[in-house]
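# Notes for the structure review
This is what each chain is made of:
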Amino acid sequence: MYHIRFLKVPYIVPPPSNTQQSSSKTPKANAGEITVSTKITLTTELGENFFYGSVPVRAEIAYRQNANSSVKKRKRAGSSKDKASSILLGETTALWKNGMRALQLDISIPRKVVEELAADNVQIFERVFINATDAADECPLFFESDDVPLPPTFFEIESMPFRFGQNDAGSTPKQKPAVTISYKNDDSLYVKRHVEMGQSGTLTLAEEIGDSMAKHLWDSGIFLCSYLRASKANQEEFISQLITDTDRKQQILEIGCGCGTVGIALSKLVKNSRVLLTDLDSAKEVAERNIVLNQDRSLTPVEFLPFDWDTSQNDEQQNAAVLDTQWDIVVACDCTYNPDSFTSLTDVLKRLIGADTKLLLVHKERHGSENTVFEMLEQKNVLKLQWRQLLEPTAVKSRVDILVHQS
Ligand SMILES: C[S@@+](CC[C@H](N)C(=O)[O-])C[C@H]1O[C@@H](n2cnc3c(N)ncnc32)[C@H](O)[C@@H]1O
């Protein structure tokens, strides 16, 4: 999967001052228009490879309609599932070409409209996406599958909501006030992604735009969501291996949860359940942000607790909350990338797995040493493999392995 990433979140291109020659890269802003720009890149999840082909990239600026808004109704936005409530303000298409590392996308909006939106304090967002049909020649299929909905080849991105404002300071008396973009608190550090969960709705997940491991969405989690969704819809073996229907509340634990993708997806799929997301303290902010983004009172409660696999790093309460519960399902998704933590990971799994616990282990094979984890689990007599699904994408050389173990 290729991730569309913001190298620069949406920003206003200042109009060139009278004395300044505009550079060839500065979009030619018409006096009656405001240009909102963003810089994106198309990379694999770790950012190690840029997309190799040519493909049109679309960007749209829109706002979600608010019944109280006095801003007049405009054309509906084109691509998304929430078409019905999105009002399009501007759009552009630019070509990503082989060899590129960054692409600038400029969208012009009439100044009058921007001023109305600023006065009305309306929340705007920008969405950047690639239509699957536009990419078909370059990137035919992510993996072959008859019955499982494919995860997107290009993972759409949405900015966090921002507002237009006006700033008198800094503009010359002859100029109109400079238009600004403002994000709430630290929202400019995050972006949103949407993961389709079929009848279970849509996951809306925030990820940080920096490089931190704990604060990103990773391919295997997204793949797993596609599998969970398909298996549930088709009542496949995968789900029956994983979830036993009982009247008793299912206790679900995710370790190394990062943004919380899988745990939050399970909370939507397993109705009578309680989900505890755990990771290092550095993931707390993004995980809790995502719990709130997906909160639904009718569904399973989801909580986050900092918990290190090296249990000597946790206090007694943290260890008790995680180690003294009888878990029905323990999930570890993309947690086998670091050989230095294999011992603490397998030790903690041994302590977490009871007679009736199922362990869902998912990873994208990045290097052969990951197999050591499975050997260690066998040696420690923790688990037996019950079910395995290997996905072999055709467009990107990487495999995603979904395994269900039981002791
Ligand atoms: C590649 S990310 C995967 C995140 C998430 N499971 C997903 O699939 O999107 C690996 C996660 O393992 C967590 N992790 C690494 N070492 C850990 C440790 N010793 N204790 C707890 N979590 C750890 C990282 O903080 C990170 O969030």
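Computed from a predicted model, the values in this text were never measured in an experiment.

When helix α8 (residues 342-352) is considered as a whole, its buried residues turn out to be F342, S344, L345, T346, V348, L349 and L352. Its buried side turned inward, α8 meets β13 (250-255), α7 (316-323), β16 (329-333), β17 (358-364) and α9 (371-379).

What follows covers the site of the ligand. Not every one of the 15 residues close to the ligand is listed here, only the nearest: G256, D279, D308, W309 and C333. Between the ligand and the protein, one listed contact pairs a nitrogen atom with a backbone N or O atom of W309 at 3.0 Å. Taking C333, its main chain carries an N or O atom lying 2.8 Å from a nitrogen atom of the ligand. In isolation the ligand exposes 600 Å². Once the protein is present, 93% of that is buried.

Mapped onto the secondary structure, F304 falls in strand β15 (residues 302-306). Sequence separation between F304 and E254 is 50 residues; the distance between their C-alpha atoms is 9.5 Å. Contact partners of F304, with chain neighbours within four places excluded, come to C257, L276, L277, T278, D279, L280, A283, K284, A287, E288 and I291.

A low pLDDT score tells you not to read the predicted coordinates there in detail. Within the protein chain, residue pLDDT values average 83, and 81% of them lie at 70 or more. Under a pLDDT of 50 for its full length, residues 77-81 has, in the predicted model, 18 contacts with residues more than four places off or in other chains. Counted against residues more than four places away or in other chains, residues 140-144, with its pLDDT under 50, gives 20 contacts.

Let us now look at the pairing of strand β11 (residues 190-196). Most of β11 is tucked away, with six of its seven residues classed as buried. Bridge count between strand β8 (residues 157-159) and β11: two bridges; the pairing is antiparallel. Within the sheet, the bridge partner assigned to S159 lies in β11 and is V191. As judged from the seven bridges shared by β11 and strand β12 (residues 202-208), these two strands associate in the antiparallel manner. Paired with R193 across the two strands is L205, which belongs to β12. Connecting β11 to the antiparallel partner β12 that follows it, the hairpin turn spans five residues, and G198 within it adopts a positive phi of roughly 55°.

Looking now at the packing of aromatic side chains. The way to describe two aromatic rings as a pair is by their centre distance and the angle between their planes. For the coordinates displayed, the defined rule picks out seven aromatic pairs. Judged by centre distance (4.9 Å) and plane angle (70°), the ring pair of Y2 and F51 falls under edge-to-face. Linking Y2 in strand β1 (residues 2-12) with F51 in the loop between β2 (33-43) and β3 (55-64), this pair joins segments that are 49 residues apart in sequence. In terms of burial, Y2 and F51 fall into one category: buried. A network of ring pairs unites the aromatic residues Y2, F51, Y52 and F154 as a single cluster. Geometry around F125 places R64 over its ring, the cationic atom sitting 4.1 Å from the centre.

Criteria and thresholds
- One numbering rule holds for all chains: residues counted from 1, following each sequence as written.
- The model is predicted, so local features are restricted to residues of pLDDT at least 70 and side-chain atom pairs to those at 80 or more, both for listing and for counting; the totals for chains, interfaces and linings are taken over all residues.
- The side-chain figures draw on all heavy atoms in the structure; neither hydrogens nor water molecules are used.
- Accessibility here uses a 1.4 Å probe with only protein chains present; expressed as a share of the type maximum, an area under 20% marks a residue as buried, one over 50% as exposed, and anything in between as partly exposed.
- Counting from the N terminus, the helices are DSSP H or I runs at least four residues long and the strands are E runs at least two residues long.
- Only heavy atoms enter the contact rule, under which two residues are in contact if any of them lie within 4.5 Å.
- Note on terminology: near, applied to a residue and a molecule or strand, indicates that one of the residue's heavy atoms is within 4 Å of it.
- For this analysis, a polar contact is any N or O atom pair within 3.5 Å, provided that within protein one partner can donate a hydrogen and the other can accept it, and provided that sequence-adjacent residues contribute only side-chain to side-chain pairs.
- In these tables, accessible area is a Shrake-Rupley quantity obtained with a 1.4 Å probe, and a residue counts as shielded only by the protein chains included in the view.
- pLDDT expresses, on a scale from 0 to 100, how confident the predictor is about each individual residue.
- By this definition, two strands are paired if DSSP reports at least two bridges between them.
- Pairs were defined over the aromatic rings of Phe, Tyr and Trp, the Trp ring being its six-membered one, requiring ring centres within 6.5 Å. Orientation was assigned from the angle between planes: stacked under 30 degrees, edge-to-face over 60, tilted for the rest.
- Cation placement over rings: the criterion is NZ of Lys or CZ of Arg within 6 Å of the ring centroid and within 35° of the ring normal.

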